[in-house]
Amino acid sequence: MIPGGGQPDMQQLLQQAQKMQQDLAAAQQELAETPVEGSAGGGLVKATVTGAGELQSLVIDPKSVDPEDTETLADLVLAAVRDANSAAQQLQQSKLGPLAQGLGGMPGMPF
C-alpha cells in the first residue's frame, strides 16, 4: 500500500528493477569467474568448478591410481566433483539469494 493512497512512482520502480537486473548479472558473472574446490579421499582427488558449477580441473594423486581397482578411483572422482558442486551451490546461494529476495523470490529462479 502506498502512503497517502497515491499511485506508485513507475519511473522509480523501473529504475529499481533495472538496478536489480544489473546487480543480478554482475553476481552471475562473478560466479562464472570464481573457482571453488572440492576433494575426496583426504585430498587424493581434487575437483575445481566455477561458482556456476562448470568443471574446470581435476587433479588425481598418483597414489590413488590402482589399475586393479578403478572403481574406487571413479568413486573418488565423483565424490570430489559432488563436493565441489555443493560448495558452488552454497556460493550461489550466498551471492544470488539476497538478490532473489529483493525480487520477491520470483518463481522459476534457481535459488
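Residues numbered from 1 in each chain as written. Predicted model: local features only at pLDDT ≥ 70, side-chain atom pairs only at ≥ 80, totals over all residues. Heavy atoms only, no water.

> So what about helix H1 (residues 10-33)? Which residues, and what values?
Its 24 residues give H1 an end-to-end C-alpha distance of 35 Å, which sits within 8% of 34 Å, the value for a rise of 1.5 Å per residue. Within the span of H1, buried status applies to Leu 24, Ala 27 and Leu 31. One side-chain oxygen of the residue at the start of H1 lies 3.2 Å from the amide nitrogen of Gln 11, identifying that residue as Asp 9. (Helix = DSSP H or I, 4+ residues; strand = E, 2+ residues; numbered from the N terminus. Expected span 1.5 Å × (residues − 1). Buried < 20%, exposed > 50% of the residue type's maximum accessible area, 1.4 Å probe, protein only. Polar contact = N/O pair within 3.5 Å; in protein donor to acceptor, adjacent residues only side chain to side chain.)

> Residue-level account of the pattern of salt bridges, with values.
Counted under the stated rule, the structure contains 2 salt bridges. Among the salt bridges present, the one from Lys 19 reaches Asp 23, with a minimum N-O distance of 3.0 Å. With Lys 19 and Asp 23 both in helix H1 and 4 residues apart, this pair spans about one turn of that helix. Residue Lys 19 is classed as partly exposed on the basis of its relative accessible area of 47%. In this structure, Lys 95 and Glu 30 form a salt bridge, with 2.7 Å as the shortest nitrogen-oxygen distance. Residue Lys 95 is located in helix H2 (residues 70-102), and its partner Glu 30 is located in helix H1; the two are separated by 65 residues in the primary sequence. Note on Lys 95: relative accessible area 31%, which makes it partly exposed. Among the residues examined, Glu 30 registers a relative accessible area of 36% and is labelled partly exposed. (Salt bridge = Lys/Arg side-chain N within 4 Å of Asp/Glu carboxyl O.)

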